[in-house]
Amino acid sequence: MVVRAFRMRMQQIRAAPDERTFHQLRSLRFEKLKGNRAGQYSMRLNDQWRLILKFEGKSPDKVAVIVGIDDYH
């Protein structure tokens, strides 16, 4: 189930022109992280797992880098 959600999120990331697209999709719960994860973002994979990523470069060459998948429960 997590693998399917990960693949779906990867398709959304590849299709998005920039991270503003993720803010518009409320179901992703896309948010900027704080503390020791400053500069990183998270988005929901399912109720338990979140995809952690960061962005490198500037538009239009900005790239999303997957940092990890975390259990938020």
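Starting from 1, residues in each chain are numbered consecutively following that chain's sequence as written. The predicted origin of the model limits local features to residues at a pLDDT of at least 70 and limits the giving and counting of side-chain atom pairs to 80 or more, whereas totals for whole chains, interfaces and linings rest on all residues. Side-chain descriptors were evaluated using all non-hydrogen atoms of the structure, hydrogens and water having been removed beforehand.

Draft legend 1. View of the packing of aromatic side chains. By convention, a stacked pair of Phe, Tyr or Trp rings (six-membered ring in the case of Trp) has centres within 6.5 Å and planes under 30 degrees apart, an edge-to-face pair has planes over 60 apart, and any other such pair is tilted. Scanning the model with the defined rule gives four aromatic pairs in all. Between F30 and Y41, the aromatic rings sit 5.2 Å apart at their centres with planes inclined by 0 degrees, giving stacked as the arrangement. One end of the pair, F30, is in the loop between α2 (20-24) and β1 (31-32); the other, Y41, is in strand β2 (residues 41-44), and 11 residues separate them in sequence. Classification of residues uses two cut-offs on accessible area relative to the type maximum, computed with a 1.4 Å probe and protein chains only: under 20% is buried, over 50% is exposed, and between them is partly exposed. Residue Y41 is classed as buried on the basis of its relative accessible area of 15%. Helix and strand definitions follow DSSP, with helices as H or I runs of at least four residues and strands as E runs of at least two, each counted in order from the N terminus.

Draft legend 2. View of the pattern of salt bridges. The term salt bridge refers to a pairing of a side-chain nitrogen on Lys or Arg with a carboxyl oxygen on Asp or Glu at a separation within 4 Å. Evaluated as defined, the whole model comprises six salt bridges. The partner of R50 in a salt bridge is E31, with the nearest N and O atoms 3.7 Å apart. You can see R50 sitting in strand β3 (residues 49-56) and its partner E31 sitting in strand β1, a full 19 residues away along the chain. Here E31 falls in the partly exposed class, since its relative accessible area comes to 36%. Across the pair R37 and D70 runs a salt bridge whose closest N-O atoms are separated by 2.7 Å. In this pair, R37 sits in the loop between β1 and β2 while D70 sits in strand β4 (residues 63-71), placing the two residues 33 residues apart along the sequence.

On their own, these measurements won't tell you what the molecule is for.
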